[in-house]
Amino acid sequence: MILESERRLVVDRASDLATLTPGRTGNLSVRDGTPDDGDAFAITPTGVPYDSFDVDDVPVVGVDGERRDGRMAPSSEVPMHAAIYRREDVGAIVHTHSPWSTAMAIAHEPLPPIHYMIVAVGKRVPVAEYAPYGTDELAANIVTAMAEADATASFIENHGLVVTAPDLETALENTTHVESLARLYLQTRSAGLEPETLSDAQLETVIEKFESYGQ
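These lines cover the structure that appears in this document, whether it is placed above or below. (Residues numbered from 1 in each chain as written. Predicted model: local features only at pLDDT ≥ 70, side-chain atom pairs only at ≥ 80, totals over all residues. Heavy atoms only, no water.)

### Examining the pairing of strand E8 (residues 160-165)
Two faces make up the sheet, and in a regular strand the side chains alternate between them.
Here is step 1: Counting buried residues along E8, six of its six residues qualify, which places the element largely inside the surrounding structure.
Here is step 2: Here E8 shows two buried faces, one formed by Gly160, Val162 and Thr164 and the other by Leu161, Val163 and Ala165.
Here is step 3: The pairing of strand E5 (residues 92-96) with E8 spans five bridges and is classified as antiparallel. Across the sheet, residue isoleucine 93 finds its bridge partner in E8, namely threonine 164.
Here is step 4: Relative to E8, strand E7 (residues 153-156) runs antiparallel, the two sharing four bridges. Bridge assignment links serine 154 to a residue of E8, and that residue is valine 162. (Buried < 20%, exposed > 50% of the residue type's maximum accessible area, 1.4 Å probe, protein only. Helix = DSSP H or I, 4+ residues; strand = E, 2+ residues; numbered from the N terminus. Pairing = 2+ DSSP bridges.)

### Digging into the pairing of E5
Here is step 1: Along E5, five of the five residues are buried, which leaves the element largely enclosed by surrounding structure.
Here is step 2: Where burial is concerned, the two faces of E5 agree: the one with Ala92, Val94 and Thr96 and the one with Ile93 and His95 are both buried.
Here is step 3: Of the pairings in the sheet, the one linking strand E1 (residues 27-32) to E5 comprises four bridges and is antiparallel in character. Residue pairing for E5: serine 29 is matched across the bridge by isoleucine 93.

### Comments concerning the packing of helix H3 (residues 99-106) against helix H5 (residues 168-190)
Here is step 1: Contact pair H3 / H5: the axes reach a minimum separation of 7 Å and the direction vectors enclose 60°. On the basis of the axis angle, H3 is oblique to H5. Judged by the sense of rotation from one axis to the other, the crossing of H3 with H5 is left-handed. When H3 is examined against H5, the residues Pro99, Trp100, Ser101, Ala103 and Met104 are found in contact with a partner set consisting of Val178, Glu179, Ala182, Arg183, Tyr185, Leu186 and Gln187.
Here is step 2: Grouping the constituent residues of the contact of H3 with H5 by class yields eight nonpolar, two polar and two charged. (Axes fitted to C-alpha atoms, helices over the stretch in contact; angles between N-to-C directions. Parallel < 35°, antiparallel > 145°, perpendicular 65-115°, else oblique. Left-handed = near helix turned anticlockwise from the far one by under 90°. Contact = heavy atoms within 4.5 Å. Nonpolar A, V, L, I, M, F, W, Y, C, P; charged D, E, K, R; others polar.)

### A word on the sheet that holds strand E6 (residues 127-128)
Here is step 1: Overall, mixed pairing links the eight strands, which are arranged E4-E3-E2-E1-E5-E8-E7-E6 in an open sheet. This sheet does not close on itself; its edge strands, each paired only once, are strand E4 (67-69) and E6.
Here is step 2: In the sheet, E6 pairs with E7 via two bridges, with the strands oriented parallel. Residue pairing for E7: valine 127 is matched across the bridge by phenylalanine 155.

Here it is in structure tokens:
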């Protein structure tokens, strides 16, 4: 079986999506970039409950977007995942419609550095331009937004959130970080207060401290 360990990770962690996104609207993937497997990734199947599939069901897709294995059809967001893997050196991707992040996406509002934990994904979370889901255009917009902001996460206009990371554990953790910070930002604004932001110098200090801890 190709990408067995990656497919098992998808099965084991897909249930985490249920706490982050409504219904069956999220997806995640785990990449294996070794030449033997031709640079491919395991991704959640489309349209099924997160606890209703097994390792053999998990689709495997090449970074060229071509399906290679798995009994179930892959997520409709394959173009987004494939495009990110082609352009970015990342090991996992999580995409959600988590409510606070999606509220930011609906407002077309980037997340500024209101808290030091934002450095887990960059110095801000940008907003990628809208395009229909499951399209190459949307994939290109997301890659562009993250590259321009030097970020590993992006909101998507009128859609949701995508987070990338070296591994799936970190991608899921950082998805939670972004969702929490989006909630804090919007709650502060709804209280009639203007959120204060950290300076670039303050953020650089945090980054240095994180690096010294091996984070």
